[in-house]
Amino acid sequence: MSWQAIVQGLVLIAMLAVAVPPLGKYMAAVYGVRADGSAPGDRFFGPVERFIYRLCRIDHKREQRWNVYALSLVAFSVMSVLFLYALLRLQGSLFFNPTDRQSVSPMGSFNAAISFVTNTNWQWFSGEAAISHLSQMIGFTVQNFVSAAAGMAVVVGLIRGITRKRSRTIGNFWVDLTRTVVRILLPLALVFTVVLISQGAVQNLHGNTTATTIDKTTQVTTQAIPGGPFASQEAIKELGTNGGGPYNANSAHPFENPNPVTNILEIFSLLLIPLSLVSMFGRLVGDRRQARILLAVMVGILMVFTVFTMLAEQNGNPKLTTAGVDQSISTTQSGGNMEGKELRFGAAGCGLFAAPTTGTSTGAVNCMHDSFTPLGGMAPMMHMMLGEISPGGVGVGLVGVLIMALLAVFIAGLMVGRTPEYLGKKIQAAEMKLVAIYILAMPFAMKPFAAASAVLKSANTYQSGPHGLSEILYNFASTANNNGSAFAYQGTGTQWYTTTQGLSMLMGRFLTIIPALAIGGALVRKPKVPATVGTMPTHTALFGFLVAGVAIIVAGLTFFPALALGPILEHFSL
Amino acid sequence: MTATLQQTPEPRAPKVRTKAPGSKSIFDPAIVKTASVDSLKKLNPRTMMRNPVMFIVEVGSVLTTYLFIRDLSDATSKQNWFAGLVAAWLWFTVLFANFAEAMAEGRGKAQAAALRKTRADTIATIKMPDGTTTQKASSALQVDDLCIVIAGEIIPGDGEVVEGIATVDESAITGESAPVIRESGGDRSAVTGGTRVLSDRIVVRITAKPGETFLDRMIALVEGANRQKTPNEIALSILLAGLTILFLLAVTTLQPFAIYSGAPQSIIVLIALLVCLIPTTIGGLLSAIGIAGMDRLVQRNVLAMSGRAVEAAGDCTTLLLDKTGTITYGSRQASEFIPVTGVSASDLAEGALVSSLADETPEGRSIVELGLHDFGLTIVEDANAVLVPFTAQTRMSGMDMSSGRQVRKGAADSVRRFVEAEGGSFPLEVLPVVERVSKDGATPLVVIDRSTPAAPWRVLGVIRLKDTVKAGMRERFDQMRAMGIRTIMITGDNPLTAAAIADEAGVDGFLAEATPEDKMALIKREQAGGNLVAMTGDGTNDAPALAQADVGVAMNTGTQAAKEAGNMVDLDSNPTKLIEIVEVGKQLLITRGSLTTFSIANDVAKYFAIIPAMFSGVLPVLNRLNVMKLDSPRSAILSAVIFNALIIIILVPLALRGVKFRAEAASLVLRRNLLVYRVGGIIAPFIGIKLIDLLVTVTGVVK
Amino acid sequence: MRALIRQLRPAFLAVLVLTLVCGVAYPLLSTLIGQVAFHNKADGSLIKRDGVVVGSKLIGQSFTAPQYFHPRPSAAGAGYDGSASSGSNLGPTNPDFLKSVSDRVAAYRAENGLGADALVPVDAVTASGSGLDPNIAVANARLQTPRVAKARGLDVAVVTKLVDKYTDGRKLWVLGEPGVNVVELNLALDKLAA
C-alpha cells in the first residue's frame, strides 16, 4: 500500500472522530435524553412533526409496549412492501418515466419491494435498465429513509428497555420514526446531496442524453449519458446504510461517486450514523465509557477487515502476474487487482470502501466484489457473517453489538459468580431465549437456502468451482444480513432466487428486530441492580475483547466449514 | 418467684468442622460403583431427553452403531474398525456424561441412606387431653398430638417443646456430637424428629405430618429427588440448545456444500463432526455441577430448600448480619459500674445485681457475676420479689422487691423518658458517661431505683456492657467488599454503640435499635434498589424478614416458624455461615461459566482436526489446514471424538469440587478464569488431539 | 392479529405522508438547489464540441483507432454503454477471465509494439467496476503515447505534455489515485489537430 492510501484511511478516521460525538449528542437529544424532552431545533422541527402526526392520526403522547411497538413497525413494513410492489408492477404505465422502463415482473417486484423495505437494497436487476425514475424517487428513495429510520427506532426501543426500570413501555414507534426522518436523516441527506452535486453527481429530471462519441471508428458512435434525480438518492443511500443505488454499477458509477473526494465522503457517511448511534447510546445510558468500549470493538473489527481487504487487493492476483500483467505499485500506476475496480479509487480505495460497506448493512460497492482475490472477497463475506456489528446498519448494527454484549455478559458473567447483568439489568432465561433466536436467525436465513442452491441444478447461475460456492455464500450472507452487496456474476433474477432471497431478507430482518424489541420489553420491566465491584465491568478493554471474541467465535464456528470449501479452497488453488 | 441463679449450659466450645452424616470423599469406591451402574440406567432415552445436547449424542451413537453393523459384511475392515471405534467412543461420551451426573447424585444418595436409618419407626407416648397416655406409631402421628419424650427416647416427630427442658442429641442431623438444650417457650423450643433426648423429660407438640418432617425433606433434598433446574441453569441450557441447533445447521448444510465440491461425506463422519462441535463438555457436566453445588452446601451442614436459593446466594449484594453471635461473641459482659455523683460504686453494683437477678440473658448473668465477684455482694433470698420483664414498650427490666423497693435497668433514653414521665429528675451528668460508653462500642445500661413506689426514682449509675468483636471478622468483611457485597450489621444497640462496633468490625453499614419492622423495611428498601439480600435469623419474629429476603438462612436451633420462612437451614446454627453460603453460590455459577467457555473454545481445535480430514482426500490443498499434522483423516476424526469424550471424564472432579473460588473483584476473577478456560480451552485440545492421534497411529487401529 | 390491523391505518397514512416528504419534496428541493448552484454538474458534466454533446467528463468512451488513447476494457453493454453500467464480475480464478486477460495482454503488446515479455499495466487489461471508467493509469498512457504520436504524426514530447496536462493527481494530496482522463485527453488531441 502507498503511504497516501494509509493517510487516506487516517483522514477518514479523523473525519469520523470529529463528526461522531456531536451527532451522537444531537441524536441523544432527539431521542429524549433531556429531562424536559426538548431537542435542538424544536422551534422548526416541532411544528413539522406535529403536522405529520396529525396527518397520520398518531397520538404522539401515547407510549407503546414492546409488542405494540413491534406491531407498528411490522404494519409499516407491510404497507411499505405493498406500496412498493404496486409501484413497481405499475411503473410502465405511470408518469415520470423518461427512460421508458417497463413494469417489473411479479416475483421481481416481490423481491425488490422486500429488499428495499428491509434495508437490504439487494438488486437482482440493473437499476438503469429496469427501474423508472418515478420508482427510484418515490419508491426506493423513500424506503432508503424509512427503512433506516425503522432500524434506528428498533435500537432506541431496545435502549429504552435498558435505561428504564420497572416500566412497561419502550416509546412510540411512530414518533421515533418521524423524528428520525425529520430531525436526523433529512437534514443530513440534504447537506450531503448538495456536496455530491458539487462534485459531479447528477441531479436532474431528464432521461438519457445522447452524445455523439469522439472516435468515429468505433462500432457504436453514440453514447447514452444517463440522468435523473439521483444525487439525492445517493446521499440517503449511504447515510441510511441502504446501498441500493440508481445505477447497476452502484458507487463505482462516475455519476454516483465521481471522484476520490466523494468516495471518502460516501465511506464517511455510511459509517457516520452507525457510529454516532453508539455515542448516543453512551449518553442515553448515562455512561459514556460503555459506548466507548463498544465503539472500540466495532472500529477494531472494522479496521482489521479494512486493512486486510486493502492488502489483499493491493497484492493482486498471482494468476495475472503469470499472464504478464504488472500489478505493482509505482509512481505511474496504483497497481493491485484492478478487475472490477475504478482507477480513480485504486485497489486501496476499494478495500477502504468494501470493509465499511459490509461491516454496516450498506452493501453499496465502489468496485465489484466478485472479482476480488479469494481472500479479498472472503473478507467482506466474513464481515457480513459476523452479523454486521462493525459497526452495522443504522440502528440494527448497534442492536447486533448489544446482543453480542448480552451473550458475552452471560457467559463471562457466570464466570464471576453472579447472575449476569448488563447495565444493571439481569440477563436471565427469557432474555437468553430471545438472544438465541436472534443469533440463530441469520444462519437460518442463509444456510439452508445456500445449501439448496449449491446442489439444485436449476439454481446453477454461478461460476464453476469453489468460486461458485463463494458466490452462493456471499449472496445469501448478503440477503440474510440485509446487506445488499453481491458477488454479482451469479444471476439472481430467477424464480428460485427472487423467492429464496426474498424470504432470506425477511427472515434476516424481522427474526432479529422482533426478538431485539422483545428483549427491550423484557428488560424494561426489570429493576436496575446497582453496580458494585462484584459486578462484571462492561466498559473495560477485557470486555471489549470478550464481545469481539464471542462474535468471532460464534460466526467462525458457524461458517468455517463453508468458507473452507469456498474462498479458502480457491485461495489455496491460486 | 425465687430469684435464683440458674445454671445454664456453657457457651459452646469453638466449633470443630464436623461433616454431615454419610458424607464421603469425591471418589468413594462405593459411590463410583453405583454411579457406573446408574450411568447405564440413564441411557434410557426418556431420561436423556431432559438434556438435549447429550440426547443428540445418544441419537448419533445409535445411528453410528446401526451403520457400523449394517456395513459389517460389505465394508473393508479398515472402515469397520473406524466406524466401530467412532460408535464406541460416542457411546462413551454419553456414558461419561451420565457418570458425572450419577457421581454427583451418588454422594447425596449415600447421605440420604444414612439419614433414612434415623427415621426408623418409633413408638410415641401420646398425652391425651384427659391426662391419660396412649401409645402410637410415629408414622401415625397427627399434627398437634402431644408426645411425652423422656431421656433415652427418640423424638417421634418434628415439633415444639411445650413443657419441660431437656438436652437433646441432634447429631443424627447435624453431625454435631455436643448435645443442645431444648426448652419450652422462647426461641429454643423446636425439636426435630429422629433426634434423641439425653436427659430430663419434655412434652412435644407435633407440628409436621409424618412424611413431611424436616428429616423427610432433608432426605429428599440431598437425594435430589425433586431437583428442578435453577434460573441460571435454565438460561444456560437455552444457550446450549441454541448452540446445538446452530451446529446442527452447520453440519447438515455442510453435506450439500461437500457434494458441490465433489467430496460428499459419510454419515458417520458428519455425526462425529456434529458431536465434536455441540457443547458436550458443559452439556454433559451441567447437571452434575448443579447437584454438586447443592452437595457442597450440605457438606457445610446447610440445607438449601431449592437450587434457586443457592444461586440467589451467589447473587447477593447485601448481607444482613445480626451483630450478636455473628459479628460479636454471643454475649456482652458487664465490665464496669460507673456510679453518678453521690452514689457509691457498691450501691450501684447492688442495684445492678438486684435488677438483673431475674435476667437470664448472658448480659444479665454477667452483671450478677461482676457484682458477686468484684464487689463481694451476696444474693438475698426474697421469695415474694416480682420480676418485671423486658418489654419492647418500656425497654427496661427489673425487680420489685417485697420490701417495696423497685429497681430498673435499661437503655439510657428509655430510662430517662421513664424517669421524667414519672416526675423524677434525670441527672444530666449521666449523659456524657452514656455517650462515652457508647462511643467505645460498649452498651451502657442505666440503673435506677426507689425505696417505695411513692418515692421518686433515683439514678444510680451506668453499667458498661462490653461487646467483643470476633477475631477475623474484619478480614471476612474486606473479602466481601472485594466481591462487591455490602454487609449491614443489625443490632438492637443504640446508634452510637452500633457505630463503634460497626467500625471495629469493618461492616459497611448498620441498623441500630432494630425492630423486626425496621429489619423488614431495610430489606424492602435494599430490594427496591435492586439489591439481593441475604440474612440469618432464628426467632419467630424474624420469620417475615426471612421470607422477604432473597436468601433467608434459618438457624436449626431456631423456631419452626423461622425454619419454615427461610429458604435454607443451617444445621450448625452458625450465623457466620452466611458468608460461606454466598461463596458456594458464586462458585456454582463460576464453575458453570468456566466450563461453558472451555467447551466452546474447544471447538476451534476440533475444526482444525476434522475439516481437513473430511476434505483432504478429494481436495488435497485443504490439507494445509491440518495444522496439527494429524496422521490420517480417520485418525484425525477418531482422535477428536476420543478427546471429546475423555475431556468430560477428566473434568468430572472439577465439576464436582467446583472451580477454585477466591474472594476478589469481578474483573480480577474474570481475567483469571478467562485466561484459564478460554485460552486454555483453545490450546488444550490442540495438544490433546495431537497426543491421541499419536497413540491411535501407534496402535495402528485406523489408517 | 387485531392489534396488527389497528396499526395498519397509521401505517398506511405514514407511508403516504413520508412518501410526499422523502420522495417528492426532498428530491425536488435537491434538484432545485443542484440546478441553480451547479447546473452543469447536476446535468452530468457534459462536454460539448461545436454545440454537440460529445460525452461527459466523468464517463469513459470507447476509443479503438490508433490515434486515440485507449481506455480500459469495459463490461458495460458492448463497451462503454452509458445505459448499462457494469463490471465483468468474473472471479479471480475464472478460466474465461484469465483467458481474456491473456488475450488483452497479447493485443496490448502488439498494438503498442512491446516485447513479448513486457509487463502490461494492470488497468489496461482489466475491466473497471462501472465499465465507464474515464481514467487510465499514467503508466498505461505512457506506453500508448508513442503509438498515438506516430498515428497522428506528432512529436512524442507534445503528446506526453498533453498526457501530463490531463492527468488528475490525487485529490487533496492523499485521496484516491492519479489517472489520465482519456475522454478529455483525446478531445484535446483532436483539438490540437484541428
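Residues numbered from 1 in each chain as written. Chains lettered and ligands numbered in written order. Predicted model: local features only at pLDDT ≥ 70, side-chain atom pairs only at ≥ 80, totals over all residues. Heavy atoms only, no water.

Here we look at the interface of chain B and chain A
Listed by partner, the interface residues are 62 residues for chain B and 61 residues for chain A. Summed over both sides, the interface between chain B and chain A buries roughly 5,200 Å², with carbon and sulfur atoms accounting for 78% of that surface. Summed over the shared surface of chain B and chain A, the result is 12 residue pairs in polar contact (both at pLDDT 80 or more). Looking at the side of chain B that touches chain A, the elements with two or more residues in it are α7 (231-260), α10 (307-315), α16 (473-482), α18 (516-528), α21 (577-615) and α23 (666-699) of chain B. (Contact = heavy atoms within 4.5 Å. Buried area = accessible area lost by both parts, 1.4 Å probe. Polar contact = N/O pair within 3.5 Å; in protein donor to acceptor, adjacent residues only side chain to side chain. Helix = DSSP H or I, 4+ residues; strand = E, 2+ residues; numbered from the N terminus.)

Looking at the domain arrangement of chain C
Structurally, chain C comprises domain 1 (2-40) and domain 2 (45-193). Spacing between the C-alpha centres of domain 1 of chain C and domain 2 of chain C amounts to 41 Å. (Domains from an automatic or database assignment.)

With respect to the arrangement of the chains
By contact count, the leading pair among the 2 pairs of chains in contact is chains A and C. A minimum C-alpha distance of 15 Å separates chain B and chain C, which share no contact.

Looking at unusual backbone geometry
Residues and elements named next belong to chain A. A cis amide bond, omega -5°, links S390 with the succeeding residue P391. Of note in the backbone geometry, T241 takes a positive phi value of approximately 45° without being a glycine. Take T241: it is sitting in the loop between α8 (231-239) and α9 (260-284). Residue classification places T241 among the buried residues on the basis of a relative accessible area of 0%. (Buried < 20%, exposed > 50% of the residue type's maximum accessible area, 1.4 Å probe, protein only.)

Some details on helix α7 (residues 173-199) of chain A
Residue and element names in this part refer to chain A. The end-to-end C-alpha distance of α7, which contains 27 residues, comes to 37 Å, matching closely the 39 Å that a straight helix rising 1.5 Å per residue would cover. Along its length, α7 reaches its greatest deviation from straightness, about 40°, at L185, and the proline P187 lies no more than four positions downstream. The element α7 is extensively covered by neighbouring structure, given that 20 of its 27 residues are classed as buried. Where α7 begins, one side-chain oxygen reaches toward the backbone nitrogen of W174, 2.8 Å away; that side chain belongs to N172. Positive backbone phi, at 120°, marks G200, one or two positions downstream of α7. (Expected span 1.5 Å × (residues − 1). Bend = angle between axes of the 7 residues up to and from the residue.)

Description of the nonpolar core
Within the largest apolar cluster, 316 residues are counted, with the highest numbers of intra-cluster contacts made by F281 and Y422 of chain A. Broken down by element, this core gets its largest block of residues, 19 residues, from helix α18 (residues 541-572) of chain A. Those residues in contact with Y422 of chain A, other than ones at most four positions away along the chain, are F281, Q290, L294, L402, A405, L406, V409, I427, T538 and F543 of chain A. Ranked by size, the runner-up nonpolar core spans 40 residues in total, among them V340, A412, V434 and V459 of chain B. (Core = buried A, V, L, I, M, F, W, Y, C linked by side-chain atoms within 4.5 Å.)

Let's talk about the packing of helix α22 (residues 633-657) of chain B against α23 of chain B
All names here are of chain B. In the contact formed by α22 and α23, the axes pass within 8 Å of each other and the chain directions differ by 125°. The pairing of α22 with α23 is recorded here as oblique in orientation. Handedness of the crossing formed by α22 with α23: right-handed. Residues S635, A636, L638, S639, A640, I642, F643, L646 and L654 of α22 form the contact with α23, whose own contacting residues are Y677, A684, P685, G688, I689, I692, D693, V696 and T697. Here the residues of the contact of α22 with α23 sort into 13 nonpolar, 4 polar and 1 charged. (Axes fitted to C-alpha atoms, helices over the stretch in contact; angles between N-to-C directions. Parallel < 35°, antiparallel > 145°, perpendicular 65-115°, else oblique. Left-handed = near helix turned anticlockwise from the far one by under 90°. Nonpolar A, V, L, I, M, F, W, Y, C, P; charged D, E, K, R; others polar.)

Quick notes on helix α13 (residues 362-375) of chain B
All names here are of chain B. Here α13 is 14 residues long and its end C-alpha atoms lie 19 Å apart, about the 20 Å a rise of 1.5 Å per residue gives. When we look at burial in α13, the residues that qualify are E363, G364, S366, I367, V368, L370 and G371. Tucked into the core, α13 has its buried residues touching β11 (333-339), α12 (345-356), β14 (406-410), β15 (443-450) and β16 (458-466). At the exit of α13 stands G376, carrying a positive phi of roughly 60°.

Some thoughts on the interface of chain C and chain A
Counting from both sides, the interface comprises 106 residues of chain C and, opposite them, 112 residues of chain A. Buried area between chain C and chain A, both sides added, is near 8,600 Å², and the carbon and sulfur share of it is 67%. Of all residues in chain C, Y26, N89 and E177 of chain C bury the most surface against chain A, accounting for 9% of the area lost on that side. At the surface where chain C touches chain A, the tally comes to 0 salt bridges. Our enumeration of links across chain C and chain A arrives at 45 residue pairs in polar contact (both at pLDDT 80 or more). No other element matches helix α1 (residues 2-37) of chain C, which puts 28 residues into the side of chain C that touches chain A. Split by residue class, the side of chain C that touches chain A holds 58 nonpolar, 34 polar and 14 charged. (Salt bridge = Lys/Arg side-chain N within 4 Å of Asp/Glu carboxyl O.)

Topic: the packing of helix α14 (residues 396-415) of chain A against helix α17 (residues 495-524) of chain A
Residues and elements named next belong to chain A. In contact at an axis separation of 11 Å, α14 and α17 are set at 60° when each is read in the N-to-C sense. Relative to α17, the element α14 lies oblique. Every pair of crossing elements has a handedness; the one defined by α14 and α17 is left-handed. Contacts between α14 and α17 pair V396, V399, I403 and L406 from the former with R509, I513, A516 and I519 from the latter. Of the residues belonging to the contact of α14 with α17, the class tally is 7 nonpolar, no polar and 1 charged.

Section: the sheet that holds strand β10 (residues 318-322) of chain B
Residues and elements named next belong to chain B. Spatially, the 7 strands line up as an open sheet ordered β9-β21-β20-β19-β10-β17-β18, and their pairing is mixed. The open sheet is flanked by β9 (302-304) and β18 (509-511), the only strands paired with a single partner. Averaged over neighbouring strand pairs, the angle between their axes works out to 20° when direction is ignored. Two strands pair when backbone bridges link them, and β9 and strand β21 (residues 568-570) are joined in this way by 3 bridges, in the antiparallel orientation. (Pairing = 2+ DSSP bridges.)

Quick notes on a positive patch on the surface
Residues and elements named next belong to chain A. Where like charges cluster on the molecular surface, the positive patch consists of K25, R34, R288 and R292. By the secondary structure assignment, R292 is in helix α10 (residues 288-315). Exposure remark for R292: the relative accessible area of 53% places this residue in the exposed category. (Patch = residues over 30% accessible without salt bridge, like charges linked within 9 Å, V, L, I, M, F, W, Y side chains within 5 Å. Areas by Shrake-Rupley, 256 points an atom, 1.4 Å probe, with all protein chains shown as cover. Lys, Arg positive; Asp, Glu negative; His and termini not counted. Charge placed at Lys NZ, Arg CZ, Asp CG, Glu CD.)

Quick look at the environment of S504 of chain A
All names here are of chain A. With respect to the helices and strands, S504 occurs in helix α17. The sequence separation of S504 and L440 amounts to 64 residues, and the corresponding C-alpha distance is 13 Å. Not counting chain neighbours up to four residues away, the residues in contact with S504 comprise A445, F449, F476, T479 and A480. Among the polar contacts made by the side chain of S504, one reaches the main-chain carbonyl oxygen of A445 at a distance of 2.7 Å. A distance of 2.9 Å separates polar atoms of two side chains, one belonging to S504 and the other to T479.

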